[in-house]
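# Report on the structure
Chain by chain, the residues run as shown.
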Amino acid sequence: MAPVAGFRSRVLAAVRRIPAGRVATYGDIAAAAGSPRASRAVGNIMRGCKAAGVPCHRVVAAGGRLGGFGGRGQLKRDLLRAEGVPVVGSRIREFAARRWTKFPPRLDRTEPGAPASA
DNA sequence: AATCTGACTGTTG
DNA sequence: CCAACAGCCAGAT
């Protein structure tokens, strides 16, 4: 069977599903698209993300870092802060808590990865 | 088809 | 914390 859709389509769809006030890493988007190692490819797609309706500014780098934004890291920071995402320098506060994934964490079980505190 | 590129990531120093 | 290196992936040339 051929893939359900182009890698790019799935990536854009995933980015679009990121709710305001939340962020996802390139790796998360890549995973949502079916290739958890294609973070780089996701970045390349984001680079051409000129289409409105695609909150490419909500896609950040791992570790809660801003990542790139066509050299406009400042703009990306402002956009995120405007949506309620506190950013200090090149880092996002409470990154783990604001990190969005298509697989919601299970809180009904004491598992590592759940935002136990803060 | 082969090579280069890059809004990435993890490891090592 | 930052710099350098290596691994990985999809798209463009």
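Residues numbered from 1 in each chain as written. Chains lettered and ligands numbered in written order. Predicted model: local features only at pLDDT ≥ 70, side-chain atom pairs only at ≥ 80, totals over all residues. Heavy atoms only, no water.

### Observations regarding the overall build of chain A
Here is the rule we go by: Only runs of H or I of at least four residues qualify as helices and only runs of E of at least two qualify as strands under DSSP, and these elements are numbered from the N terminus. Relative accessibility decides the category of a residue: with a 1.4 Å probe and only protein chains considered, values under 20% of the type maximum give buried, values over 50% give exposed, and everything between is partly exposed. Any two residues having at least one pair of non-hydrogen atoms within 4.5 Å are treated as being in contact. Surface accessibility follows the Shrake-Rupley procedure with a 1.4 Å probe radius. Residue values consider only the protein chains on display as shielding.
If you tally the helices and strands in chain A, you get 5 helices and 4 strands. Secondary structure elements of chain A occur, N-terminal to C-terminal, as α-β-α-α-β-α-β-β-α. Looking at the 118 residues of chain A, the share that counts as buried comes to 31%. Partitioning the contacts of chain A with sequence separation of at least 6, the portion at a separation of at least 24 is 60%. When the accessible surface of chain A is totalled, it reaches about 7,700 Å², and 51% of it is carbon and sulfur.

### With respect to the protein's contact with DNA strand C
The condition is simple: We call a residue near a molecule or strand when any one of its heavy atoms sits within 4 Å of it. For this analysis, a polar contact is any N or O atom pair within 3.5 Å, provided that within protein one partner can donate a hydrogen and the other can accept it, and provided that sequence-adjacent residues contribute only side-chain to side-chain pairs. Any residue outside Ala, Val, Leu, Ile, Met, Phe, Trp, Tyr, Cys, Pro, Asp, Glu, Lys and Arg is labelled polar, Gly included; the first ten of those are nonpolar and the last four are charged.
The immediate surroundings of DNA strand C are formed by Phe7, Ser35, Arg37, Ala38, Arg40, Ala41 and Asn44. Taken together, the sugar and phosphate atoms account for 48% of what DNA strand C places within 4 Å of the protein. Between a phosphate oxygen of DNA strand C and a side-chain N or O atom of Ser35, the distance comes to 3.4 Å. The side chain of Arg40 places a nitrogen or oxygen atom 2.6 Å from a base oxygen of DNA strand C. The class makeup of the residues in the surface near DNA strand C is 3 nonpolar, 2 polar and 2 charged.

### Overview of the protein's contact with DNA strand B
Residues in close proximity to DNA strand B total 14 residues, the closest being Arg40, Asn44, Arg47, Ala62 and Gly68. Among the atoms of DNA strand B close to the protein, meaning within 4 Å, 43% are from sugar or phosphate groups. Between DNA strand B and Tyr26 there is a distance of 3.2 Å, counted from a base nitrogen to a side-chain nitrogen or oxygen. No other element matches helix H3 (residues 39-47), which puts 7 residues into the surface near DNA strand B. Counted by class, the surface near DNA strand B contains 7 nonpolar, 4 polar and 3 charged residues.

### Considering the pattern of salt bridges
The criterion, for reference: Here, a salt bridge means any side-chain nitrogen of Lys or Arg that lies within 4 Å of a carboxyl oxygen of Asp or Glu.
Under the defined criterion, the tally for this structure stands at 2 salt bridges. Here Arg99 and Asp28 are joined by a salt bridge, their closest N and O atoms 2.6 Å apart. Placement of the pair is Arg99 in the segment after helix H5 (95-98) and Asp28 in helix H2 (residues 26-33), with a sequence separation of 71 residues. In this structure, the salt-bridge partner of Glu83 is Arg58, at a minimum N-O distance of 2.7 Å. One end of the pair, Glu83, is in the loop between helix H4 (73-82) and strand E3 (87-88); the other, Arg58, is in the loop between H3 and strand E2 (59-60), and 25 residues separate them in sequence. Under the relative-accessibility criterion, Glu83 is labelled partly exposed at 25%.

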